Amino acid sequence: MNAAVWRFFSSSQQRLSMSLFRSRPWWSAPIPVDEEYQSGCLCVDNVDNDPSGKVKVVTGSFQGILRIYLPRRGAFQSGDLLLEHDVGAPIMQVSAGRFIPSSTQLALAVLHPRKVTVYTVTSQPGALDSGLICKLEKKYEHALAHSSWNMTHGPFGGVYDKDFLCVQSFDGVLSFFEHDHFAFTRYLNNFLLPGPLCYIARTDSFVTANASMEIECYRYHNLALTGSDRALNEKEGDASRRKLPLEWKYNFGEQVLDICIARVSRNSAASQFDIVVLGEHNVVTLKDNGQIKLQTKLDFHPSCLFSYPIQETTDQIFHNLIIGSHSKTFKIYKETKVVWTSQTDTVPVAIRTAKFGNLQGLLVVLDDRGSLTVNYLGTDPSLQVVKVEADSAPFNYEETDNQLRLLQSQIAEATEGAPKDPPDVLVMRVAPDQGHAEATSLNVVLELAHKGQDTLNNIHVSVHVEEPLFAAEPTIIIPSLAPKVAAKIEFIFTTQNSSLPISNQIRFIACAVNSKNEPRTSTCDILAPFHLYVNPVAPPASSLPFQFTLDTIEAKTHQIGQLFSDVYLLNREAETQANIVSVKYQASEDVYAAVTGGPIDEEATEMGAAWLITMELARRLTDAERGDLQFSYSGELPLQEYFEIIDTHHACRVRCIELEKDLEKEAEQFRAIQKRLLVRFKDKNAAPLQNLDVLLRNTYESLVKVAESVEKTKTELVKSGKSLSAATSLIQFLIRTKYRLDQASVEVLETTLTSTVNDDVLSQGWEESVVAGIDSLIRTLNAQEAVLVPQMKMLDVTSKLQKQILLVCDKLSKGTSLVRTAKRKTTKNAKKKNSKV
Amino acid sequence: MEPATLAYSRLKRRRFDECIQTCTELLQKNPLDQAVWYIKCRALTDVAFTDDTEMEEEGIAEILLDDNAIATAPRPGTSMQRPLSSANSQRPTSRGQSANRPLSSSGRPVSGYARPGTSSRPLSSAVNPNRLSTAMGGGRLNTARPVTSSGRFVRLGTASLLQRPGGEFIEVDRLNLKRYATRPALAKADVREVLSIYLLTFGHPLRALELCSVSLVESEHKDWFWKAQTGKAYYRLGLYRDAERFFLSSLKDQEMVSSYVWLSKIYQRLDRPATAMDILLKACETFPNEVTLTLAVARIHDAMNDADKAMDNYKAALTLDSYNVEAIASLASEYFYSEQPEMALRYYRRLLQMGVSSAELWNNLGLCCFHAQQYDMTLACFERALHLAQGDAAADVWYNLGQISLGIGDLGLAYQHFQIALSLNPSCAEAYNNLGVLELRKGNADQARSNLQLAAQNGPYLSEPLFNEALLSYQFGQLDESYQLIRKCTQLSPNHFECKELLESLDSHFVTHEATQLMQLEFQEELKY
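Residues numbered from 1 in each chain as written. Chains lettered and ligands numbered in written order. Predicted model: local features only at pLDDT ≥ 70, side-chain atom pairs only at ≥ 80, totals over all residues.

Let's talk about the overall build of chain B
Each helix and strand counted, chain B has 26 helices and zero strands in total. Within the span of chain B, comprising 529 residues, buried residues form 48% of the whole. In chain B, once contacts between residues fewer than 6 apart in sequence are set aside, the share between residues at least 24 apart is 50%. (Helix = DSSP H or I, 4+ residues; strand = E, 2+ residues; numbered from the N terminus. Buried ≥ 20, exposed ≤ 12 C-beta atoms within 10 Å, placed from the backbone. Contact = placed C-beta atoms within 7 Å.)

Pasting the structure below:
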């Protein structure tokens with residue numbers, strides 16, 4: 001059989017941006033306490049104008065702490081921190097540029113919410129481990145009317161060797177400062193919130209992103225000219241609020257995180273620069289006229305953008321892009337292609353590249369809690385090891401084996417045997433002393449309880465008995481039953497003269513639905529007292545037509561009379577001293593049966609009549625001998641009598657069917673005549689009846705006659721069915737006794753040669769099902785393969801059935817088992833199976 | 001420092017909780033501060049962000065109420081509803097049945113990477129779109145269709161909104177959109193844009209559509225952004241044809257990768273994978289190095305059961321981005337199912353090196369090790385998988401352990417493994433099937449049958465339980481029942497060889513039986529004459 005699929009499953013549930021490699025720390029600074037940084041708060045440059053060109057790292061936090069580091073390989077030493085200074089106001093951004101008038105030295109511009117300050121940094125050898133000490137010197141400061149957001153610098157207007165500052169405020173004012181002079185302010189168009197600001201030196205223009213998710217470009221020249229005529233005289237306000245002339249605009253359609261100017265596109269001319277815009281989900285590269293050039297969709301949340309130059313050919317310098325992400329990785333793009341991915345320990349808010357010591361291209365990474373590291377791109381795989389406890393100790397196979405064995409034996413113990421009853425099972429018991437029997441009626445008190453926790457509602461208790469016993473109330477409904485309380489239900493049975501009894505079993509069935517909507521049923525079988533079915537006959541009946549002799553293995557005389565003493569309880573005078581019991585069934589006809597002790601001789605008026613008494617005898621004898629009693633039967637099987645009964649039943653059925661056909665015909669005729677008569681009577685000028693009325697009457701009479709005979713035949717059929725059922729049971733008993741069948745074979749025999757005779761459906765009766773059953777039994781005994789049972793058809797004659805029963809008996813007499821001996825294991829392997837077919 | 005500045009800075013650094021908190025405080029003081037409102041709106045939207053270019057899981061209600069179907073019987077290879085009908089799905093491999101690629105509940109082959117729309121497992125969310133009873137009770141109002149898949153947008157959003165007293169941030173029903181349009185000074189384009197994204201994210205596509213149409217008129221139908229937004233709103237409303245129109249128009253104005261991906265998504269929803277593929281290939285010409293597009297092409301091939309082409313595309317994606325988890329995982333699973341566990345193992349090890357560490361990965365590694373005959377590693381891998389696994393994943397790991405036990409022949413152990421798997425996930429059809437087979441080996445035919453029936457009930461997409469039950473019925477002589485089961489089974493897996501064999505032998509049974517009956521009849525007729 002097919003051992004199903006391997007369930008191999010998809011590897012991850014969410015989008016992951018993962019990397020094979022980790023960036024390795026080259027140097028790292030201690031993480032400051034409770035400080036917050038944003039993307040502008042990192043600046044890497046030679047801010048102290050060190051002649052050796054050593055690069056310093058400058059950070060500034062919202063808490064107003066300005067720090068300058070000189071990273072050196074290895075662990076952090078106190079000498080690496082050149083300066084730590086509290087400037088007293090939150091630091092929004094730090095930049096290095098040529099901000100000092102009449103000097104080309106680098107200076108540090110620090111942006112605070114309400115002012116921008118320019119410092120010069122000077123360093124001198126310090127006492128500590130051959131390090132340096134930096135000093136800040138404030139050169140000039142501009143107060144800002146609006147709270148600032150960010151700034152950019154550059155040679156605005158094409159000045160040579162100078163950097164001017166442009167500060168963007170949170171409410172959209174651009175303030176320009178030419179060193180220590182304030183130049184002018186301009187209001188940006190349709191402003192809501194500030195975006196990144198970038199200065200393009202080549203075109204002398206500014207690029208920013210507005211809240212409408214558009215990239216806008218303004219020329220410095222136009223900015224300076226707009227409103228300049230009146231700006232000097234009037235108060236700042238109306239004049240400078242004039243609409244600024246837009247150079248170009250690009251509708252980006254998503255929020256912009258960062259903008260940088262780089263030469264990304266490899267097929268651009270040497271003088272051309274690209275504008276790289278980092279959005280929330282896309283990176284686009286624009287030409288300097290605002291047209292889109294390249295586009296990449298990101299599958300992670302980017303956090304920062306940086307471009308670094310690489311010299312690809314001797315005269316060409318291009319830029320690669322580093323994009324940091326919130327999934328703690330950064331990717332390096334060459335145009336739109338990922339060339340490297342690396343994991344970091346933090347979410348970078350700013351990344352720069354610099355040369356420290358002799359190493360080119362180290363990455364300076366700052367996160368928003370101030371963790372500052374200098375990394376190189378390591379090639380160590382980042383293995384996340386899942387710790388499993390068993391790893392620590394060497395695996396002990398013996399111990400595990402023992403443990404497994406123990407577990408398995410426990411499981412086997414727990415699950416052994418038949419499936420257990422559910423806890424809330426219904427329990428029924430017949431109170432033994434409560435039932436008292438009279439001549440024609442029986443009272444049985446049934447105790448019903450359940451073992452569950454909840455109250456059960458609407459319990460149906462039904463009873464099933466065979467004739468001649470009838471229950472006064474076949475079904476009793478108990479509205480509710482509390483747990484651990486036994487309900488007592490009284491059933492009254494009465495006997496009525498009817499056909500031959502086939503069993504003295506009384507079956508109670510209780511069903512209910514518990515609170516979890518699960519059905520619960522249970523059954524309880526008892527045997528009705530034998531004396532309800534029979535009356536003792538005073539002079540024992542003798543020389544009855546049907547006779548047979550049973551024997552027991554242990555040749556022992558049994559006191560039959562004593563065994564059946566209860567039969568005489570109500571009729572003492574019929575009691576005899578002889579070892580005999582002789583009874584008359586409470587049937588509509590006179591049916592007698594008698595049993596004589598010794599080798600047990602039984603006789604009866606007919607074969608079916610012998611069944612109940614035989615069963616009762618067997619039961620009583622077995623009880624008396626405490627179970628270890630075996631009957632034997634050496635005589636011939638009374639098959640001839642049996643076949644007669646079958647024939648009678650079959651003939652009865654055939655007649656029944658014929659009569660029903662007749663009935664149908666008569667009814668048809670009757671209806672036809674009725675119809676004609678109706679037609680005649682409906683007509684106003686009725687035609688003569690032409691003796692139709694006579695015909696109708698005659699048909700009616702014959703219809704009634706046929707119906708009566710159908711009814712009669714049906715009663716006969718039921719009667720013959722009963723006697724057939726009883727006879728079949730007896731035959732089963734005799735076969736079982738004669739051939740000493742084991743339990744499995746008995747089961748097979750009882751299902752094939754069934755004693756259940758159902759004559760409610762005429763078209764499919766006992767004979768056919770037995771023929772089909774035996775047919776299949778014989779074939780399966782012979783063949784290894786399953787056989788197709790042909791469609792059942794009403795038998796014309798019973799000879800086939802008789803032949804088959806004979807055949808079975810014949811086989812049994814030869815010692816063939818009814819159970820397939822080589823019971824083929826149901827195969828597990830489809831191929832094996834199919835190859836045989 | 002000014003709180004608004006701080007909030008904006010934190011928004012940029014995706015510290016949404018702090019940002020939203022600050023904004024809420026500021027808005028309580030001055031509810032009309034548009035900048036703060038804008039920041040808060042963006043923060044809320046970003047918290048609830050889901051990549052909307054991904055395919056959503058299609059709920060049963062959407063399938064039932066889908067009136068966009070074009071052809072009910074599409075030609076082979078043109079529909080994703082019948083991926084097995086692909087013309088070249090038969091691959092010339094000598095693989096056995098055990099490595100048959102499992103199918104998801106929608107009958108598509110399971111991909112190597114769990115994305116919405118391919119998942120074989122029901123969603124863990126409270127709203128399970130695969131059950132009709134829950135599918136109809138979607139949480140979204142205001143829409144024309146009972147909502148299923150988009151329910152998760154709402155869920156994410158309201159979860160973050162509920163943390164604040166006073167209900168939703170924007171009272172959507174009270175928005176007067178006309179006012180927004182007629183008084184541009186009050187609400188400029190920027191506010192409208194962020195509002196439209198907000199509305200879409202939080203599941204108010206009708207209102208978003210109104211806003212979009214107003215803005216489109218204002219922009220004189222030239223703004224690609226508004227066209228794309230309109231398309232998205234139409235998509236949410238289930239009006240795919242209109243969505244397609246707007247995206248096409250948007251692409252004319254401005255070619256964007258995401259617009260192309262959206263368009264292909266719409267075509268997939270319309271069950272036109274070929275058109276979706278064309279769109280993506282066209283986009284690939286414009287953006288030759290775009291991983292997203294290559295992956296999208298590969299996914300469509302995968303969904304169409306065209307594994308070879310999908311592999312090619314995944315490999316192409318890997319040359320563009322050698323760290324792409326999805327491509328690696330898909331390639332690995334494809335190698336596994338084409339009986340190259342050693343190759344699969346290498347890919348999975350790569351994933352492991354890249355820092356992916358999940359129960360699924362360890363499980364797959366364990367399976368690969370087992371099939372590549374590196375038995376010493378197998379159990380160690382599974383141990384780690386169990387260590388990491390939770391919920392249904394744990395059930396699957398136990399199931400696979402059961403398979404391993406079957407493989408080493410320890411049937412008792414396998415039996416217990418499957419039982420554990422079922423105790424963790426009582427609807428694991430495969431485990432029922434295997435338990436059925438094991439019960440049969442023990443000789444409990446009734447128990448076996450009931451297990452197989454449970455398997456068939458829980459996994460209507462599986463052919464194995466049907467086949468097994470058919471075989472069982474066949475052996476017990478219930479040929480009619482067997483025949484019916486095997487017919488169902490052949491429908492599910494038309495290429496299953498043993499299935500065909502059984503069907504043939506059953507056919508021959510019926511034929512010979514009829515023939516003998518016929519002959520008997522003829523013979524009787526002859527006798528009469």
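A word on the nonpolar core
Grouped together as the largest cluster of nonpolar side chains are 231 residues, with contacts concentrated most on Leu108, Val277 and Val364 of chain A together with Ile39, Tyr348 and Leu351 of chain B. When residues in this core are grouped by element, the largest group, nine residues, is from helix α16 (residues 325-337) of chain B. Among all residues touching Val364 of chain A, those that are not within four sequence positions of it are Leu42, Val44, Val57, Ile351, Arg352, Ala354 and Val374 of chain A. One finds Val463, Tyr642, Ile645 and Leu724 of chain A within the second-largest nonpolar core, a separate group that totals 72 residues. (Core = buried A, V, L, I, M, F, W, Y, C linked by C-beta atoms within 7 Å.)

Thoughts on helix α3 (residues 397-415) of chain A
With 19 residues, α3 of chain A extends 26 Å from end C-alpha to end C-alpha; this agrees with the ideal 27 Å at 1.5 Å per step. A small share of α3 of chain A lies buried, amounting to zero of its 19 residues. (Expected span 1.5 Å × (residues − 1).)

Structural notes on the sheet that holds strand β2 (residues 42-45) of chain A
Residues and elements named next belong to chain A. Spatially, β2-β3-β4-β5 is the arrangement adopted by the four strands of the open sheet, whose pairing is antiparallel. Since the sheet does not close on itself, it has two edges, and those belong to β2 and β5 (81-86), each with one partner. Pairwise comparison of adjacent strand axes, ignoring direction, gives a mean angle of 15° for this sheet. Here four bridges tie β2 to strand β3 (residues 56-60), and the two strands are oriented antiparallel to one another. When the bridges of β3 are listed, Asp45 appears paired with Lys56. (Pairing = 2+ DSSP bridges. Axes fitted to C-alpha atoms, helices over the stretch in contact; angles between N-to-C directions.)

A closer look at the pairing of strand β30 (residues 441-450) of chain A
Residue and element names in this part refer to chain A. Of the two faces of β30, only the one carrying Leu442, Val444, Leu446, Leu448 and His450 is buried; Ser441, Asn443, Val445, Glu447 and Ala449 on the other face are not. Note: strand β29 (residues 426-430) against β30, five bridges, orientation antiparallel. Bridge pairing in β30 places Arg429 opposite Glu447. Where β30 and strand β34 (residues 487-495) come together, eight bridges link them in antiparallel fashion. Bridge pairing in β34 places Leu446 opposite Ile489.

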